[in-house]
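Architecture and fold: a report
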Amino acid sequence: MLILVTGGAGYIGSHTCVALLEAGYSVVVADNLANSNKTVLVEVEKITGKKVQFYLIDVTDEANLDRLFKTHQFDGVMHFAGLKAVGESVEKPLLYYHNNILSTITLAKKCLEYGVKHFVFSSSATVYGENPSPLLETMELLPRTSPYGETKAISEQILKDLGRVNEHFAVALLRYFNPVGAHQSALIGEKPDGVPNNLMPFITQVARGKLKKLRVFGNDYPTIDGTGVRDYIHVCDLAEGHVAALEKLKPGVCIYNLGTGRGTSVLELIETFERVNGLKLPYEITARRPGDIAECYADVSKAKRELCWQARRTVADMCLDAWRFEENN
Ligand code: NAD
Ligand code: UD1
C-alpha cells in the first residue's frame, strides 16, 4: 500500500511516516518545505531502515500535483500540509485561507480524478471553539477565534460535502488535541522557527537556556490550579492513531478526536517536566493570552471503540522525549 503524505517533512507528518513505514506501508512525501527541512526524512529513513520518496511540491499547485498522481498510484493520502501559527493567521488571513483551503481542494480533486479513495485529514480541536470539555465529535462547531481555526472548519466541511456525493470516497477527519514530545530516538521532533508559540517547545527552550523565563498565561481560570488545562498527546501516539484510522476507513466521512482524554494544567506540565528531567524552570505568572480558553480536553471513546486505538504514553513520557530531542539538537 502506497500512501501520499503531504507535509510529511513536518512535525506530525514525519512521525506518521515512521508509523506508516513500521506498519508496512510505503510512503511518498510531498512538501514545499515552508516550515521544515528535507533532512528530517533522512532521519525517518534511519529510524525505520526504509526509503521515503520525496517531492518538493506545493500542494496548492495543481499541475505539479497532477504529475505526482500520474507517476504514482496511491492507495491513500494523509493531508498534513498546512500553515499552523494561530497568531500569524490573524495577521495574514489570505495566506492561511489560500494555503490551507486550496491545498485541501486541490488534493481532494486529484484523489477523485485518479480514483484514490482514502483520505485522512489533519484537523484540530480548535474547531470546537468554546464548547465545554470533554469535547465530543457530535458537538456543534462554534465560531472560531482565528483564521487558522476557520481553515480547519472549512476544510472539514469541504470534505464532508465531497463524502456525501462520492459514495466510494472514505474520509477521516482527525481532530488533534495538543501534540507534544518526540520520537524516542531523538532524531525527529518539533523544531519551531523562532520563538515558539506553544507551551512545550517554550518549556524545552527555557530548559536549554535559549529563552530566559517561561510565562504562564493566567492563573485565574476556573481550573484545578487556575492555569489553562489541555489534553497533551504524545506525537507518536498521534502518529499511530493515523495508521489506525487509515486501516479502519470506510466510505463516508468519520470524525475522531485524537487526544488522551485527560487534562493537564500548565503548572502540572511544568512540575512533571522538572521532576522527570531533574531540571528547574524559571517562570512567572502573567496576564491571560487573548483568545485562550480555560480548558480543552477530548472525549476519546469514539476512537477507542471504532479505531481500537488509544494513547499509551504518559505526560512524563512526553516531557522526557521532548527534552531528549531538544538536548540532541
Ligand atoms: P508543521 O509545520 O511541522 O508541518 C506542516 C508541513 O506542511 C511542513 O513541512 C510544511 O513545510 C508543509 N506545508 C505547508 N504548506 C504546504 C503546501 N502548500 N504544500 C506543501 N507542503 C506544505 O506542522 P505540524 O505540527 O506537523 O502540523 C501538521 C498538520 O496538523 C497541519 O495541518 C496542522 O494545522 C495540523 N495540526 C497541528 C497541530 C499542532 O499542534 N502541531 C494541532 C492541530 C492540527
Ligand atoms: C494552540 C492554538 C490552537 C491549536 C493548538 C494545537 C493558540 C491561541 N491556539 O492552542 O489553535 O489548535 O495550539 O496545539 O495559539 N501557555 C503558557 N505559556 C506559554 C505558552 C502557552 O502559559 O508560553 C499556556 C496557554 O495559555 C495554554 C497552554 O499553555 O493554557 C497550552 O498552550 P499552547 O501550547 O499554545 O496550546 P493551545 O492554547 O491549546
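Let me sum up the structure you'll find in this document. (Residues numbered from 1 in each chain as written. Chains lettered and ligands numbered in written order. Predicted model: local features only at pLDDT ≥ 70, side-chain atom pairs only at ≥ 80, totals over all residues. Heavy atoms only, no water.)

Neighbouring ligand 2 are 19 residues, the closest being Leu199, Arg215, Arg230, Arg289 and Asp292. Between Phe217 and ligand 2, the recorded distance is 2.9 Å, taken from a backbone N or O atom to an oxygen atom. Interatomic distance of 2.7 Å between a side-chain N/O atom of Arg230 and an oxygen atom of ligand 2. For ligand 2, the accessible surface in isolation is 730 Å², of which the surrounding protein chains cover 86%. Elements that contribute at least two residues to the shell around ligand 2 include exactly β7 (178–180), α7 (199–208) and β8 (214–217). With three residues, β8 is the single largest residue contributor to the shell around ligand 2. (Near = heavy atom within 4 Å. Polar contact = N/O pair within 3.5 Å; in protein donor to acceptor, adjacent residues only side chain to side chain. Areas by Shrake-Rupley, 256 points an atom, 1.4 Å probe, with all protein chains shown as cover. Helix = DSSP H or I, 4+ residues; strand = E, 2+ residues; numbered from the N terminus.)

Glancing now at the packing of α7 against helix α11 (residues 315–328). Viewed as axis vectors pointing N to C, α7 and α11 meet at an angle of 55°, and their least axial separation amounts to 10 Å. In terms of axis orientation, α7 runs oblique to α11. For the crossing formed where α7 meets α11, the hand is right-handed. Facing α7, whose interface residues are Met200, Thr204, Gln205, Ala207 and Arg208, α11 presents Met318, Cys319, Ala322, Trp323, Glu326 and Glu327. Residue composition of the contact of α7 with α11, grouped by class: six nonpolar, two polar and three charged. (Axes fitted to C-alpha atoms, helices over the stretch in contact; angles between N-to-C directions. Parallel < 35°, antiparallel > 145°, perpendicular 65-115°, else oblique. Left-handed = near helix turned anticlockwise from the far one by under 90°. Contact = heavy atoms within 4.5 Å. Nonpolar A, V, L, I, M, F, W, Y, C, P; charged D, E, K, R; others polar.)

Moving on, we come to the layout of surface pockets. The gaps of empty space that remain are located by a probe, the size of a water molecule, rolled over the atoms. Counted as a void, the second largest pocket has a volume near 260 Å³. Lining of the second largest pocket is provided by 15 residues; of these, His183, Gln184, Cys236, Glu240 and Arg313 occupy positions nearest its centre. For the lining of the second largest pocket, the elements supplying multiple residues, two or more each, are α1 (11–22), α8 (235–248) and α11. A per-class count over the lining of the second largest pocket returns five nonpolar, four polar and six charged. (1 Å grid on protein atoms, 1.4 Å probe; cavity = no way out; pocket = protein on both sides within 12 Å on 5 of 7 lines; lining within 4 Å. Points joined across faces, edges and corners; volume = space filled by probe spheres on them.)

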